[in-house]
Amino acid sequence: LAKTTQPISMDSYEGQEVNITCSHNNIATNDYITWYQQFPSQGPRFIIQGYKTKVTNEVASLFIPADRKSSTLSLPRVSLSDTAVYYCLVGVEDTGRRALTFGSGTRLQVQP
Amino acid sequence: GAVVSQHPSWVICKSGTSVKIECRSLDFQATTMFWYRQFPKQSLMLMATSNEGSKATYEQGVEKDKFLINHASLTLSTLTVTSAHPEDSSFYICSAPGTYSYNEQFFGPGTRLTVL
């Protein structure tokens, strides 16, 4: 099963914009791309979801290129409380079967 | 809305015993629920899909006789880890999908299982 890959970690400072990319080469044709935030010892929390182009909500933006083989989560003006692990979730086509697959996760550390 | 709870939040058991974890949708009905396992510093791995009124669907490599899933009602799914061993120690998380797509999931707070 092709992996859904993300950078292992990223560092940032308060007030900066952070962009986290997920690579999902085998994304299923009709599947959405969803991003989650997870704090230690908690369940993931939904951030944003999109199918193509750009989606924006009150906490983040999601950029999806035309081929949909990757996506970028953009967090504007991060704060210390944004320190967490961020995961993308996509449906992946593998040997005729569709499987919902979480990315490897990106650990974001926000410094003051 | 869309709150999912899990019980217990943590459990410690002896090797060879069975442990039951409950997953409840508190303010909505869920005909489908998902069970994940997460080892330290790793991503979530889907174990099985729980379906109300029918058998669960297990992912490749997950032993259905070891991880028993029962979706007894539209608000409750249970995962029983039978004859637990130390390698079963993990963080178990359930979720229920949203209305429009399975990608938008509402997760429970997770259950930390430690097998001695």
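First things first, this report covers the structure right here in the doc.

Procedures and definitions
- Residues numbered from 1 in each chain as written.
- Chains lettered and ligands numbered in written order.
- Predicted model: local features only at pLDDT ≥ 70, side-chain atom pairs only at ≥ 80, totals over all residues.
- Heavy atoms only, no water.
- Helix = DSSP H or I, 4+ residues; strand = E, 2+ residues; numbered from the N terminus.
- Rg over C-alpha atoms; globule rule 2.2 N^0.38 Å.
- Buried < 20%, exposed > 50% of the residue type's maximum accessible area, 1.4 Å probe, protein only.
- Contact = heavy atoms within 4.5 Å.
- Areas by Shrake-Rupley, 256 points an atom, 1.4 Å probe, with all protein chains shown as cover.
- Lys, Arg positive; Asp, Glu negative; His and termini not counted.
- Charge placed at Lys NZ, Arg CZ, Asp CG, Glu CD.
- Core = buried A, V, L, I, M, F, W, Y, C linked by side-chain atoms within 4.5 Å.
- Pairing = 2+ DSSP bridges.
- Axes fitted to C-alpha atoms, helices over the stretch in contact; angles between N-to-C directions.
- Phe/Tyr/Trp six-rings, centres within 6.5 Å; stacked < 30°, edge-to-face > 60°.
- Lys NZ or Arg CZ within 6 Å of the ring centre and 35° of its normal.
- Buried area = accessible area lost by both parts, 1.4 Å probe.
- Salt bridge = Lys/Arg side-chain N within 4 Å of Asp/Glu carboxyl O.
- Polar contact = N/O pair within 3.5 Å; in protein donor to acceptor, adjacent residues only side chain to side chain.
- Nonpolar A, V, L, I, M, F, W, Y, C, P; charged D, E, K, R; others polar.

1. Details of the overall build of chain A
Part 1: Along its length, chain A carries 0 helices and 10 strands.
Part 2: Shown N-terminal to C-terminal, the secondary structure of chain A runs as helices and strands in the order β-β-β-β-β-β-β-β-β-β.
Part 3: The C-alpha radius of gyration computed for chain A amounts to 14 Å, which stays within 12% of the reference 13 Å derived for 112 residues, consistent with globular compactness.
Part 4: Overall size of chain A, expressed as C-alpha extent along the three principal axes, is 45 × 30 × 20 Å.
Part 5: Relative to its full complement of 112 residues, chain A shows a buried share of 46%.
Part 6: Contacts in chain A between residues far apart in sequence, at least 24 positions, make up 57% of those at least 6 positions apart.
Part 7: On chain A, roughly 5700 Å² of surface is accessible, and the fraction owed to carbon and sulfur atoms is 49%.
Part 8: Positive and negative charge centroids in chain A, built from 10 and 9 side chains respectively, lie 5 Å apart.

2. Focus: the nonpolar core
Part 1: Core analysis: the largest hydrophobic core is formed by 25 residues, its most contacted members being B:Trp35, B:Tyr58, B:Phe67, B:Ile69, B:Leu79, B:Tyr92 and B:Leu113.
Part 2: Among residues more than four places away in sequence, those in contact with B:Tyr92 are B:Gln6, B:Ile21, B:Tyr36, B:Arg37, B:Met47, B:Phe67, B:Leu79, B:Gly110, B:Thr111 and B:Leu113.
Part 3: Membership of the second largest hydrophobic core comes to 21 residues, among which are A:Ile27, A:Ile33, A:Ile47 and A:Leu73.

3. Description of the environment of A:Gly50
Residues and elements named next belong to chain A.
Part 1: On the secondary structure map, glycine 50 appears in strand 4 (residues 45-50).
Part 2: For the pair glycine 50 and tryptophan 35, spaced 15 residues apart in sequence, the C-alpha separation works out to 9.1 Å.
Part 3: Ignoring sequence-local partners within four residues, the contact set of glycine 50 consists of Tyr32, Ile33, Val55, Leu62 and Ile64.

4. Overview of the sheet that holds strand 2 (residues 18-23) of chain A
Residues and elements named next belong to chain A.
Part 1: As summarised here, the arrangement of the 4 strands in space is 2-7-6-5, forming an open sheet in which the pairing is antiparallel. Sheet topology places strand 2 and strand 5 (53-56) at the edges, where each strand pairs with a single neighbour. Between one strand axis and the next, the sheet turns through 15° on average, direction left out of account.
Part 2: Bridge count for strand 6 (residues 61-64) against strand 7 (residues 70-75) is 3 bridges, and the pairing is antiparallel.

5. Brief notes about the packing of aromatic side chains
Part 1: Counted by the stated rule, this structure contains 10 aromatic pairs over all chains.
Part 2: Measuring from centroid to centroid gives 5.8 Å for A:Tyr32 and A:Tyr51, while their planes differ by 65°, and the two rings are edge-to-face. Highlighted residues: A:Tyr32 in the loop between strand 2 and strand 3 (33-38) and A:Tyr51 in the loop between strand 4 and strand 5, separated in sequence by 19 residues.
Part 3: Arranged with centres 5.8 Å apart and planes meeting at 50°, the rings of A:Tyr36 and A:Phe102 form a pair that is tilted. Pair noted here: A:Tyr36 is in strand 3 and A:Phe102 is in strand 9 (residues 97-102), with a separation of 66 residues, a long-range link. Each member of the pair, A:Tyr36 together with A:Phe102, is buried.
Part 4: Among the aromatic residues, those joined into a cluster by ring pairs are A:Tyr36, A:Phe46, A:Tyr87, A:Phe102, B:Tyr36 and B:Phe107.
Part 5: Above the face of the A:Tyr51 ring, A:Arg68 is positioned so that its terminal group lies 4.0 Å from the ring centre.
Part 6: When the ring centre of B:Phe67 is taken as reference, the NZ or CZ atom of B:Lys66 above it lies at 6.0 Å.

6. Details of the interface of chain B and chain A
Part 1: Each partner contributes to the interface: chain B provides 18 residues, whereas chain A provides 23 residues.
Part 2: Summing the contributions of chain B and of chain A, the shared interface buries around 1500 Å²; its carbon and sulfur component is 50%.
Part 3: Linking chain B with chain A are 0 salt bridges.
Part 4: In this structure, the connection of chain B to chain A is made through 7 residue pairs in polar contact (both at pLDDT 80 or more).
Part 5: Residue composition of the side of chain B that touches chain A, by class: 7 nonpolar, 7 polar and 4 charged.

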